[in-house]
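# Report on the structure
This is what each chain is made of:
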Amino acid sequence: MLGLMQQWPLLCHKILDHAARQHGGREIVSRSVEGPIVRTTYAQLRHRALRVAQRLARDGFERGDRIATLGWNTARHMEAWYGAMGMGGVYHTLNPRLFPDQIGWIMNHAEDKCLFVDLTFMPIVEKIAPNVASLQKIIVMSDAAHMPDTALPNVVAYEEWLAEADGDFEWCALEENEAAGMCYTSGTTGEPKGVVYSHRSNVLHAMMACMPDAMGLSSRDVVLPVVPMFHANAWGLAQSAPMAGAKLVMPGGKMDGASIYELLNTEKVSFTAAVPTVWLMLLQHLEETGKALPYLQRVVIGGSACPRAMAETFEKNYGVEVIHAWGMTEMSPLGSLASFKPDYADLEGEARFDIKQKQGHAPFGVEMKVTDDENRELPWDGKTFGRLKVRGPAVAASYYGGAGAEQFDDEGWFDTGDVAHIDPHGYMQITDRAKDVIKSGGEWISTIDLENLAVGHPDIAEAAVIGVAHPKWDERPLLVVVAKPGKEPRKEEILEYMSGKCAKWWLPDDVAFVEEIPHTATGKIQKTALRDQFRDYRLPMG
Ligand code: AMP
């Protein structure tokens, strides 16, 4: 017997229809690439997205065509996304922090036909566009007055191009399982792999993100996605914020502490999200200027592990609740969030931060398990770690073009490549990337745990731990440290600080001081580069 309910396909443009109708006057405030702050509303954004869709269709772009974007978080970028999806196209976010050759490779692989680009990134496009055979049109997200000189063919100014459409257009009638968007994984090893989101997966993911124990978004929130739209869909915020009717504040290209602080304060932001490196800059700015965060209530920190000291500073010094989250491009990206279940709600002091060190529990729509190398499921005891596997309606079922097939099994589980344990209350904690974990004398040492410990030292700004070859133990941990400005912590002092806080045999064998730790295009510590840098490093033998 079939249910007798309506077929109402889960399509992304319905999010915008809803936002425009129910929360039409709610603002989207952008720091524009040209400089000034620009204000629009959901009603206006929907109308302009309809014009984008109409104009793309008039240019001959068709259902299924990949429409790339190379842009900062702005209202225009959102219009491009929704316009592309609304005419049946597939938005494809490109990460400008990758090398131009990599971006070109990705565009060719995805066969992008059209590109929306911010002024900032025109020099990159000048380099790669001639080598992307599929590319037919480049739309510079600015107006005629700001257009750069270029010898590239088929380049138009967004505002002029858009002016030729009146928005009298019907969204394309799509099936909910059709592709809506694409994003390539940051690819720290091997070629980047394409993840293809469907309308259904994006809508379900946005609903999941809004749930109270996830991001808990409401129409009363003012949301600042510092995490870029090109990094795993701005963690879904360009979809979940309009779904909730929250005001959106888009930071454009400026992510330094002072610029983010300015937006947090002048726009009265209640909710924000980004990787730890961004928060490092903001906290440094606050420390230097003695400023406070009177409006901010919640900050989601993910993309890499949130250092304990960061969570403590936000909560104790500024009264901002930290929600540690874990996810992946392949998961749209939310996988887990460390909000408090009743089991932990009454914890106080240090015990609260023990829980916030964990990456959290899965919302409805994410199943997770940890297995050993023989795919046997491991107990949820909070200590036995193994390979973390996930499945759900917003988790990739395969990569574009069939790459990486070994990461997907017959029962629908996706092997995340992360190593984790899960506690009896369902809180997952990442202990490493499978390829970063240090294997010392047959036992595993978690580099993330050691890094978190090290950055708790008051003179350390950033820390990374890598395995270095050792004649007896195979590998031993080396701690690489960036000191805070003006500080010169000593090795003995750091190791003394760490000892007693982790198993004795986990303590790093040595500490190396560097000016800078290399990061990937999505702000993670680039362990491969660091391992290369310290390839010939000799540990002291004692
Ligand atoms: P990306 O697809 O670029 O977002 O990268 C996903 C990967 O980032 C995950 O597989 C993890 O290795 C790492 N990651 C994301 N969030 C966290 C977190 N909160 N703690 C530790 N690692 C994280």
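The structure reproduced in this document is the subject of the present report. (Residues numbered from 1 in each chain as written. Predicted model: local features only at pLDDT ≥ 70, side-chain atom pairs only at ≥ 80, totals over all residues. Heavy atoms only, no water.)

Let's shift gears to the packing of helix H1 (residues 12–22) against helix H3 (residues 75–86). Contact pair H1 / H3: the axes reach a minimum separation of 8 Å and the direction vectors enclose 125 degrees. Here H1 is positioned oblique relative to H3, judged by the angle of their axes. Considering the relative orientation of H1 and H3, their crossing is left-handed. Along the contact surface, H1 presents Cys12, His13, Ile15 and Leu16, while H3 presents Tyr82, Met85 and Gly86. Grouping the amino acids of the contact of H1 with H3 by side-chain chemistry returns 5 nonpolar, 2 polar and no charged. (Axes fitted to C-alpha atoms, helices over the stretch in contact; angles between N-to-C directions. Helix = DSSP H or I, 4+ residues; strand = E, 2+ residues; numbered from the N terminus. Parallel < 35°, antiparallel > 145°, perpendicular 65-115°, else oblique. Left-handed = near helix turned anticlockwise from the far one by under 90°. Contact = heavy atoms within 4.5 Å. Nonpolar A, V, L, I, M, F, W, Y, C, P; charged D, E, K, R; others polar.)

Here the focus is the site of the ligand. With respect to spatial proximity, 17 residues lie near the ligand, and among them Ala325, Thr329, Gln359, Asp418 and Arg433 are the closest. Ala305 is positioned with one of its backbone polar atoms (N or O) 3.2 Å from a nitrogen atom of the ligand. Within the side chain of Lys524, a nitrogen or oxygen atom sits 3.1 Å from an oxygen atom of the ligand. About the coverage of the ligand: the protein hides 94% of its 490 Å² of free accessible area. Examining the composition of the shell around the ligand, we find that 4 residues originate from one element, strand S14 (residues 321–327), more than from any other. Across the shell around the ligand, the residue classes break down as 4 nonpolar, 10 polar and 3 charged. (Near = heavy atom within 4 Å. Polar contact = N/O pair within 3.5 Å; in protein donor to acceptor, adjacent residues only side chain to side chain. Areas by Shrake-Rupley, 256 points an atom, 1.4 Å probe, with all protein chains shown as cover.)

Attention shifts here to helix H11 (residues 308–318). Every buried residue belonging to H11 is among Arg308, Met310, Ala311, Glu312, Phe314, Glu315 and Tyr318, and all of these are buried. Among the structural elements, helix H10 (276–289), strand S13 (298–301), S14, helix H13 (350–356) and helix H14 (447–454) are those in contact with the buried residues of H11. Directly after H11, the chain includes Gly319, whose backbone phi takes a positive value near 65 degrees. (Buried < 20%, exposed > 50% of the residue type's maximum accessible area, 1.4 Å probe, protein only.)

Applying the stated rule across the entire model yields 38 salt bridges. In this structure, the salt-bridge partner of Asp415 is Arg387, at a minimum N-O distance of 2.8 Å. One end of the pair, Asp415, is in strand S18 (residues 414–422); the other, Arg387, is in strand S17 (residues 386–391), with 28 residues separating them in the sequence. Take Asp415: its relative accessible area is 13%, and that puts it in the buried class. The class for Arg387 is partly exposed, based on a relative accessible area of 28%. Here the salt bridges do not stand alone but share partners, grouping Glu34, Arg48, Arg76, Glu79 and Glu159 into one network. (Salt bridge = Lys/Arg side-chain N within 4 Å of Asp/Glu carboxyl O.)

Here we take up the packing of aromatic side chains. For the structure shown, the criterion picks out 14 aromatic pairs. Look at Phe116 and Tyr158: their rings are 6.1 Å apart centre to centre, the planes differ by 70 degrees, and that puts the pair in the edge-to-face class. On the criterion of sequence distance, the pair formed by Phe116 in strand S5 (residues 114–117) and Tyr158 in helix H6 (residues 158–163) is long-range, its members being 42 residues apart. Considered together, Phe116 and Tyr158 belong to a single accessibility category, that of buried residues. (Phe/Tyr/Trp six-rings, centres within 6.5 Å; stacked < 30°, edge-to-face > 60°.)

Okay, the nonpolar core next. Residues Leu56, Phe116, Trp279 and Phe314 are the most contacted members of the largest nonpolar core, which totals 143 residues. Each of domain 1 (12–24 + 37–214 + 228–243) and domain 2 (329–433) gives at least three residues to this core. Residues contacting Trp279, with those up to four places away along its chain left out, are Val226, Ile260, Thr272, Ala273, Ala274, Val299, Val300, Ile301, Met310 and Phe314. Among the nonpolar cores identified, the runner-up in size contains 18 residues, and Val455, Val481, Leu495 and Cys502 belong to it. (Core = buried A, V, L, I, M, F, W, Y, C linked by side-chain atoms within 4.5 Å. Domains from an automatic or database assignment.)

Burial along S5 is two-sided: Cys114 and Phe116 and Leu115 and Val117, pointing in opposite directions, are all buried. Where strand S3 (residues 66–70) and S5 come together, 4 bridges link them in parallel fashion. Within the sheet, the bridge partner assigned to Thr69 lies in S5 and is Phe116. Considered for its hand, the β-α-β crossover made up of S5, helix H5 (residues 122–128) and strand S6 (residues 137–140) is right-handed. (Pairing = 2+ DSSP bridges. Right-handed = clockwise from strand over helix to strand, strands pointing away.)

Time to look at the environment of Trp326. The residue Trp326 is located in strand S14 in this model. As a C-alpha pair, Trp326 and Gly303 span 23 residues in sequence and 6.4 Å in three-dimensional space.

For the rest of this paragraph, the subject is the pairing of S18. Of all 9 residues making up S18, 9 are buried, and the element is well covered by its neighbours. Note: S17 against S18, 4 bridges, orientation antiparallel. Note that in S18 the partner of Gly386 across the bridge is Ala420. Bridge analysis of S18 against strand S19 (residues 428–433) gives 5 bridges, and the strand direction is antiparallel. Bridge pairing links Val419 to Asp432 in S19. Linking S18 to S19, which pair antiparallel, is a turn of 5 residues; within it Gly426 sits at a positive phi near 90 degrees.

Before going further, it helps to examine the sheet that holds strand S16 (residues 367–371). If you trace the 4 strands from one edge of the open sheet to the other, you get S16-S17-S18-S19, paired in antiparallel fashion. The open sheet is flanked by S16 and S19, the only strands paired with a single partner. Direction aside, the axes of adjacent strands within the sheet are offset by 45 degrees on average.

A cis amide bond links Ser332 with the next residue in sequence, Pro333, at an omega value of 15 degrees. Checked against the element boundaries, Pro333 lands in the loop between S14 and strand S15 (334–337). Positive phi, close to 55 degrees, is recorded for Glu111, a residue that is not glycine. Secondary-structure assignment places Glu111 in the loop between helix H4 (100–110) and S5. Its identity is not glycine, yet Asn233 carries a phi of approximately 60 degrees, on the positive side. Turning to its location among the elements, Asn233 is positioned in the loop between strand S10 (222–225) and helix H8 (237–244).

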